[in-house]
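Working through the structure, step by step
What follows is the residue order along each chain.
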Amino acid sequence: MGLFDRIKRAFTGEDVVQTPVTEESKIVIEKYDKGMEKTRKSFSEKMNELFAGFREVDEEFFDDLEETLISADVGFDMTLALSDVLRDEVKMKNVRTGEQVKNVIIEKLVEIYEKGQTELPTIRTNENGPTVILFVGVNGVGKTTTIGKYAYRLKNQGKKVLLAAGDTFRAGAIEQLEVWGERVGVPVVTSDAKSDPASVVYDALKQAKEENYEYLLIDTAGRLQNKVNLMKELEKINRIIAREIPGGATETLLVLDATTGQNALIQAKQFKETTDVTGLILTKLDGTAKGGVILAIRQELDIPVKFVGLGEGLDDLQVFDPEQYIYGLVRDLLEKK
């Protein structure tokens, strides 16, 4: 059963979004429900306003639809893709009523997002040594906080975790990670401010191997405005990791602030040019109406979102669930029967 069918069945009472609904999955559903509230209201209001004046599916309607989707931070490429497939579907199925058009929009939005992939995103692990995860992103997106929350998540799973304060340039970055380390009970490898980040990474790798840590989480500087220096720095760090760990970094996760909307997409494009990003983390999703940017990132970059921040709590960093995300985005557009 496809995602769109599961969402529809949830509204007719035939199914639930996640089955079976365990206590843990109930908590996840509640977190997504609360975390997606601002984005859902914004998206629904814009779409309902579009359909409030619906008369027929003509060029004026498609112009209004494209304007609405772009204003909802869905992104230019995703908007055009959705508009194109909707035009074809309208002709093939003779779609005429507003409710029919609305359902087709949701169905095609899901299909375009899924791209035939239905599995939940996962973090790869290194079976032959520590799993090394490099965190990149501009200053202010919540990168250090995300590392702390992810360390907390791993420790609760019984993993042995080590942190490395590789952002030696930003004032307070080292101290901030140390505070998180103390808070979640995870050691942090540090050096003096303004020291070489690569030397910190080397020391952390050495300790991780010698003391059999399962995970090494590395913070890095976020000076994207000086892209050449940042690229050289990340290249040096990656060379050291590859020299010490066969295969190099297991994951390179780009942390983005969801509240910045399309600016997050621009940052993702820039970092993709700078380093081999394997996954994304969207922070502050609960604090923005611009969560539609996840659709834009998926369409334009095809980099999987692996985690989302849905609140301020230690356990509010959640594995990204496309089903819960899409459900949270469109549920107010579907009518219960």
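Residues numbered from 1 in each chain as written. Predicted model: local features only at pLDDT ≥ 70, side-chain atom pairs only at ≥ 80, totals over all residues. Heavy atoms only, no water.

With respect to helix 2 (residues 23-35)
With 13 residues, helix 2 ought to run about 18 Å at 1.5 Å a step, and its terminal C-alpha atoms sit 18 Å apart, in line with that. All of the buried residues in helix 2 are Ser25, Val28, Lys31, Tyr32 and Gly35. An end-on view of helix 2 places all buried positions within 120 degrees of arc, on one side of the element. Opposite its buried face, helix 2 presents the exposed residues Glu23, Glu30 and Lys34, each directed more than 90 degrees away. Packing partners of the buried residues in helix 2 comprise helix 3 (37-52), strand 7 (305-309), strand 8 (317-319) and helix 13 (322-330). (Helix = DSSP H or I, 4+ residues; strand = E, 2+ residues; numbered from the N terminus. Expected span 1.5 Å × (residues − 1). Buried < 20%, exposed > 50% of the residue type's maximum accessible area, 1.4 Å probe, protein only. Arc of directions from axis to C-beta. Contact = heavy atoms within 4.5 Å.)

Things to note about a nonpolar patch on the surface
A cluster of nonpolar side chains, Ile70, Phe76 and Leu80, forms an exposed patch at the surface whose accessible area comes to about 260 Å². Since its relative accessible area comes to 33%, Leu80 is described here as partly exposed. (Patch = residues over 30% accessible without salt bridge, like charges linked within 9 Å, V, L, I, M, F, W, Y side chains within 5 Å. Areas by Shrake-Rupley, 256 points an atom, 1.4 Å probe, with all protein chains shown as cover. Salt bridge = Lys/Arg side-chain N within 4 Å of Asp/Glu carboxyl O.)

Considerations on the pattern of salt bridges
Enumeration over the complete set of coordinates arrives at 22 salt bridges. Here Asp33 makes a salt bridge to Arg331, at a shortest N to O gap of 2.4 Å. Taken together, the residues span a long stretch of sequence, with Asp33 in helix 2 and Arg331 in the segment after helix 13 at a distance of 298 residues. Since its relative accessible area comes to 24%, Arg331 is described here as partly exposed. As a salt-bridge pair, Glu111 and Lys108 come within 3.1 Å of each other at their nearest N and O atoms. Linking Glu111 with Lys108, this pair stays in helix 6 (residues 98-114), spanning 3 residues, or about one helical turn. Of the residues examined, Glu111 reaches a relative accessible area of 41% and is grouped as partly exposed. For Lys108, a relative accessible area of 12% translates into the label buried. A single salt-bridge network, built from bridges that share partners, covers Asp33, Arg40, Arg331 and Asp332.

Overview of the UniProt feature "domain: SRP54-type proteins GTP-binding" (unreviewed entry) in the chain
When the UniProt feature table is mapped to this numbering, "domain: SRP54-type proteins GTP-binding" (unreviewed entry) covers residues 304-317. Across residues 304-317, the secondary structure splits into 0% helix and 43% strand, with the terminal C-alpha atoms separated by 16 Å. (UniProt positions renumbered as here; feature names shortened; annotations may be inferred.)

Details of the packing of aromatic side chains
One pass over the structure, following the stated rule, counts 7 aromatic pairs. Members of the aromatic cluster, joined through ring pairs, are Phe51, Phe54, Phe61 and Phe62. One residue, Lys102, lies across the ring of Phe51, its end atom 5.5 Å from the ring centre. (Phe/Tyr/Trp six-rings, centres within 6.5 Å; stacked < 30°, edge-to-face > 60°. Lys NZ or Arg CZ within 6 Å of the ring centre and 35° of its normal.)

Side note on the sheet that holds strand 8
Taken together, 8 strands build an open sheet; the order of strands is 3-2-4-1-5-6-7-8 and the sheet is mixed. A strand with exactly one partner marks an edge of an open sheet, and here the two such strands are strand 3 (188-189) and strand 8. Where helix 8 (residues 173-184) meets the sheet, it contacts strand 2 (161-165), strand 3 and strand 4 (215-219), and its direction lies at approximately 165 degrees from that of strand 2. (Pairing = 2+ DSSP bridges. Axes fitted to C-alpha atoms, helices over the stretch in contact; angles between N-to-C directions.)

Let's talk about the packing of helix 3 against helix 6
Two numbers describe how helix 3 lies on helix 6: the axes approach to 11 Å, and their chain directions differ by 140 degrees. Crossing of helix 3 against helix 6: the hand is right-handed. Each of Phe43, Met47, Asn48 and Phe51 in helix 3 lies in contact with helix 6, whose residues at this interface are Gly98, Val101, Lys102, Ile105 and Leu109. Counted by class, the contact of helix 3 with helix 6 contains 6 nonpolar, 2 polar and 1 charged residues. (Left-handed = near helix turned anticlockwise from the far one by under 90°. Nonpolar A, V, L, I, M, F, W, Y, C, P; charged D, E, K, R; others polar.)

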